[in-house]
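Below are the chains, spelled out letter by letter.
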Amino acid sequence: MKTTLHTDITVRDICDGFVYNELEGKGLFGLSGKLVIQPEYQRNYIYADGKKDVAVIESVLSNYPLGLIYFNKVNDNLFEVLDGQQRITSLGRFVTGKFAIKDSNGMQQYFSGLASDLQERILNARLLIYECEGTESEIKEWFKTINIAGEALKTQELLNAIYSGPFVTLCREEFSNSQNANVQKWSAYISGIVNRQDFLERALEWVSRGEVEKYMSLHRFDTNINEIKAYFNSVIDWVSTVFIDVESEMRGLEWGRLYEKYHHQPYHPLEVSEWVKKLYADPYVHNHKGVFEFILGGMQDTKLLDVRVFDDATKRKVYSRQTEESKAQGISNCPHCAMGHEANRTKIWKLSEMDADHVAAWSKGGATDISNCQMLCKTHNRAKGNK
Ligand SMILES: [Zn+2]
């Protein structure tokens, strides 16, 4: 790979012919049409938060360096921004009046309202630009290793770069587009930020059953995204049909895995809704996130709920009563061991070797009080756990 350092390109040069696409959230072109600011494999513009974008302008006004910018030379008349897209887009948006900064009196100032010496200071600022020339794979491999200052690339952003092509482009239009009207609905079940590729990451994880890289590589040159869209919508439709109420704890659950495991089972949405309410209201249920899988699995696996355990005083009381009675009868103080035929039939366990158990299962309405408590050795308690 060949690299050349340029120190003479100014903000004025870069912003000549700057085009920003509001709808796609992308800086498109600059450098009199010779620069593609956002190649396919680049992420969307994420600096438009009134802080990072403003900081770029303030740095230039204070003559602070903006850091290295990398261009990929496609040919003599075409360059792509490899690294620096956020900074360049901020400069372009400011110069074209898309956002304002605060001046020394705290007043909002757009570029056109700045004193002309300040305008000139911005336009004449020089950027440090590394121009790189190499094969696509060289460029991509290298892109994978550079770390954008302050805003490290997320895994999915890297994967989008590595597997760039028509499939990623179409996927991003659907799953990374904050203008997509479905985003609000999806947000009930998926956590993260749409333009940081978190939704696309989920969609890929679900359809590929966790084999994201393999899937992306296999579909890289596909010109449609029918499969991933259909699968993603099936998961979302299934969740929203089974669970008619949206709870905040549903966000970020492993819906892809749950869909695979349970979508062939029939559920009665109204009954499910009653159960969710009941479990949410139950003071013994500690983990509300586990409620959904608990219900899907037929309300067997109480571990998912992190049910509140018996307190220490109760455990000690039950332990000493059980132990006294067992010693008198010459049997184990674990009632299950006592019924068995193994060596543990007469074993007296220490308190620390036992766990408290609900005699009548908590999930069947058994109370968490002393009358419903028995101590079991850890092995037997674990064995009973899911029943
Ligand atoms: Zn036992």
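Residues numbered from 1 in each chain as written. Predicted model: local features only at pLDDT ≥ 70, side-chain atom pairs only at ≥ 80, totals over all residues. Heavy atoms only, no water.

Colleague: Quick one: what's the story with the side chain of Thr323, residue by residue and with numbers?
Modeller: Residue position: Thr323 is located in helix α15 (residues 312-329). When its relative accessible area of 8% is taken as the criterion, Thr323 is described as buried. Setting aside residues up to four positions removed in sequence, Thr323 forms contacts with Asn333 and Ile348. (Helix = DSSP H or I, 4+ residues; strand = E, 2+ residues; numbered from the N terminus. Buried < 20%, exposed > 50% of the residue type's maximum accessible area, 1.4 Å probe, protein only. Contact = heavy atoms within 4.5 Å.)

Colleague: Describe the sheet that holds strand β6 (residues 78-83), and please don't skip the residues or the numbers.
Modeller: On the basis of which strands lie adjacent, the open sheet formed by seven strands has the order β1-β9-β5-β6-β4-β3-β2 and mixed pairing. At either end of the open sheet lies a strand with only one pairing partner, and these are β1 (2-10) and β2 (19-21). Sheet analysis places strand β4 (residues 35-36) next to β6, joined by two bridges and oriented parallel. Within β6, the position partnered with Val36 by the bridge is Glu80. (Pairing = 2+ DSSP bridges.)

Colleague: For the pattern of salt bridges, give the residues involved together with the corresponding values.
Modeller: Scanning the model with the defined rule gives 15 salt bridges in all. Close ionic contact of Glu131 with Lys73 constitutes a salt bridge, the shortest N to O distance being 4.0 Å. With Glu131 in strand β9 (residues 126-133) and Lys73 in strand β5 (residues 68-75), the pair connects residues that are 58 residues apart, well separated along the chain. Assessed through its relative accessible area of 11%, Glu131 is described here as buried. On the basis of relative accessibility, which here comes to 18%, the residue Lys73 falls in the buried class. The partner of Lys185 in a salt bridge is Asp237, and the shortest N-O contact between them spans 3.8 Å. You can see Lys185 sitting in helix α8 (residues 183-187) and its partner Asp237 sitting in helix α11 (residues 226-242), a full 52 residues away along the chain. In the salt-bridge network here, residues are joined through shared partners; they are Lys73, Asp76 and Glu131. (Salt bridge = Lys/Arg side-chain N within 4 Å of Asp/Glu carboxyl O.)

Colleague: Kindly report on the packing of aromatic side chains, identifying the contributing residues and their values.
Modeller: Scanning the model with the defined rule gives 17 aromatic pairs in all. Between Phe243 and Trp255 the ring centres are 6.0 Å apart and the planes differ by 55°, which places this aromatic pair in the tilted class. In this pair, Phe243 is assigned in the loop between α11 and α12 (255-262) and Trp255 in helix α12, connecting sequence segments twelve residues apart. Each member of the pair, Phe243 as well as Trp255, carries the same accessibility label: buried. Between Tyr280 and Phe292, the aromatic rings sit 6.3 Å apart at their centres with planes inclined by 65°, giving edge-to-face as the arrangement. Placement of the pair is Tyr280 in helix α13 (residues 269-281) and Phe292 in helix α14 (residues 291-296), with a sequence separation of twelve residues. (Phe/Tyr/Trp six-rings, centres within 6.5 Å; stacked < 30°, edge-to-face > 60°.)

Colleague: I'd like to hear about α12, residue by residue, with values.
Modeller: Along α12, the residues that are buried comprise Trp255, Gly256, Leu258, Tyr259 and Tyr262. Down the axis of α12, the buried set is contained in an arc of 165°. They therefore lie on one face. Structurally, α12 contributes buried residues whose contacts are with α9 (198-207), α11 and α14. (Arc of directions from axis to C-beta.)

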